[in-house]
Amino acid sequence: MGETIIPLADLRYAAALPPVPADAPAPNGLLSDRLGRALRDLRISVTDRCNFRCTYCMPKQLFDANYKFLPQSSLLSFEEITRTARIFVAHGVRKLRLTGGEPLLRKHVEDLVAMLAALRTPDGEALDITLTTNGSVLARKAQALKDAGLQRVTVSLDALDDDTFRRMNDVDFPVADVLEGIAVAQAVGLAPIKINMVVKRGTNEGQIVPLARHVRDRFGPGVVLRFIEYMDVGASNGWRMDEVLPSAQVVQAIDRVFPLQALQASAPGETAERWAYRDGGGEIGVISSVTQAFCQDCNRARLSTEGKLFLCLFAGRGHDLRALLRGTLEGQAYSDAQIAAAIGLIWSEREDRYSELRAAQSPAADPAERRVEMHYIGG
Ligand code: SAM
Ligand code: SF4
Ligand code: SF4
């Protein structure tokens, strides 16, 4: 089917105007892509702005005062996001994750949480709704988020040592405030809480055991620390393979101090390999995006701040759903059924599996290809 590339005033990533098939069946939750993968998880970026400048995500040299973030008019409204999410739910999505940029910087984000929390699956079930945050304003926002219907939260935290943490966020933000945010989130009942640590060899590998110890001692088994391999997302972080610390080495380092045993994955498409502390002190997870690709089960789609749909974290090109949400066909606004048909076609043609191709050293995983940036699409 032919696709038209439409120019956008704020174009930064190419996006195709999705074709709208006329005779698609109504969504039934059985959508499957070319590799037989279902659609279950939608990650929604609510802002491309952030108050941190993590060196691996938004390096200061590039994201400075001259960087043009998206104008307010480009952003999907809460109504547009909720409408889109409802259509995805009809197609089988059961999990929504708000991300960014820093999602807690989007004004009144708790109102969006409340709107999404009111959505139901075709069987009348509530959705699994979560949010990934750098934790900087979590202490202030946790209660409002909980009241709005947020169930749980994932906090990114790359070091326990204050100097290392300030160096990695590159805006001199103190680690104590993030730890306080986690404590408040726990106190208001957001659960389970996950903490994600991106491990960069030569930068914060010395923080693996101290952070594990601190999380066990201060927060207990209700908070799960997960270690993420540093990835080659985007094109601005100067990624090098020799800065990736394989997850197997993280497990070894912790096992030496706190003996571990392997656990079963909790859900299909679960990205983390889970390990329990043998002394009953809870569990940790490792996400080996680089050394052990998990594309085979990848059931995630990503919606950018301005309504472009990306089918892979490493895609260079999105599908402009906002054009359908705001546009008309022969003077008529696109209906939910038409947008559902467009999404169904996009997913059924999906064959992305970047990490597997990278692992196989395929030329199709050329790091020089322009790719979407992490702060724009979320994790
Ligand atoms: N600002 C929020 C935060 O930091 O949690 C949400 C957005 S952030 C882009 C989502 C996640 O992506 C964070 O956990 C962050 O550590 C992770 N991330 C960003 N760049 C990464 C990279 N190059 N490799 C691995 N993870 C990365
Ligand atoms: Fe901001 Fe999150 Fe990226 Fe850090 S990882 S710069 S907190 S968006
Ligand atoms: Fe999914 Fe793409 Fe990551 Fe593979 S590389 S797991 S397809 S997002």
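Residues numbered from 1 in each chain as written. Chains lettered and ligands numbered in written order. Predicted model: local features only at pLDDT ≥ 70, side-chain atom pairs only at ≥ 80, totals over all residues. Heavy atoms only, no water.

## Observations concerning the confidence of the model for the chain
Taken over all residues, the pLDDT of the chain has a mean of 91, while the share at 70 or more is 93%. Confidence drops under pLDDT 50 across residues 1–11; counting only partners more than four residues distant or on other chains, this segment forms 24 contacts. (pLDDT = per-residue confidence, 0-100. Contact = heavy atoms within 4.5 Å.)

## A closer look at helix H6 (residues 208–219)
When the terminal C-alpha atoms of H6 are compared, their 16 Å separation across twelve residues agrees well with the 16 Å that a helix rising 1.5 Å per residue should span. Looking at the packing, one finds that the buried side of H6 touches helix H5 (175–188), strand S7 (193–199), strand S8 (223–229), helix H7 (247–257) and strand S10 (273–277). Backbone geometry just downstream of H6 places Gly220 in the positive-phi region, at approximately 80°. (Helix = DSSP H or I, 4+ residues; strand = E, 2+ residues; numbered from the N terminus. Expected span 1.5 Å × (residues − 1).)

## Let's talk about the site of ligand 3
By nearness alone, every residue bordering ligand 3 is listed as Phe294, Cys295, Cys298, Arg300, Arg302, Cys312, Leu313, Phe314, Asp352, Arg353, Tyr354 and Ser355. For the shell around ligand 3, the secondary-structure elements that each account for two or more residues are strand S12 (300–303) and helix H10 (354–359). (Near = heavy atom within 4 Å.)

## Let's talk about the nonpolar core
Core analysis: the biggest nonpolar cluster contains 111 residues, and Phe88, Leu96, Leu98, Leu157, Phe227 and Ile254 have the highest contact counts within it. The residues touching Leu157, leaving out its near neighbours within four places in the chain, are Phe165, Val175, Val178, Leu179, Ile182, Ile195, Asn196, Met197 and Leu211. (Core = buried A, V, L, I, M, F, W, Y, C linked by side-chain atoms within 4.5 Å. Buried < 20%, exposed > 50% of the residue type's maximum accessible area, 1.4 Å probe, protein only.)

## Remarks on the packing of aromatic side chains
Scanning all chains against the criterion turns up seven aromatic pairs. Pairing Tyr67 with Phe69 gives two aromatic rings, centres 4.7 Å apart and planes at 65°, and the pair type is edge-to-face. Of the residues examined, Tyr67 reaches a relative accessible area of 25% and is grouped as partly exposed. Each ring, one from Phe314 and one from Tyr354, has its centre 4.2 Å from the other, and the planes form 20°; the classification is stacked. One end of the pair, Phe314, is in the loop between strand S13 (308–310) and strand S14 (318–320); the other, Tyr354, is in helix H10, and 40 residues separate them in sequence. Overall, the relative accessible area of 7% leaves Tyr354 in the buried class. Pairwise contacts between aromatic rings join Phe52, Phe165 and Phe173 into one cluster. (Phe/Tyr/Trp six-rings, centres within 6.5 Å; stacked < 30°, edge-to-face > 60°.)

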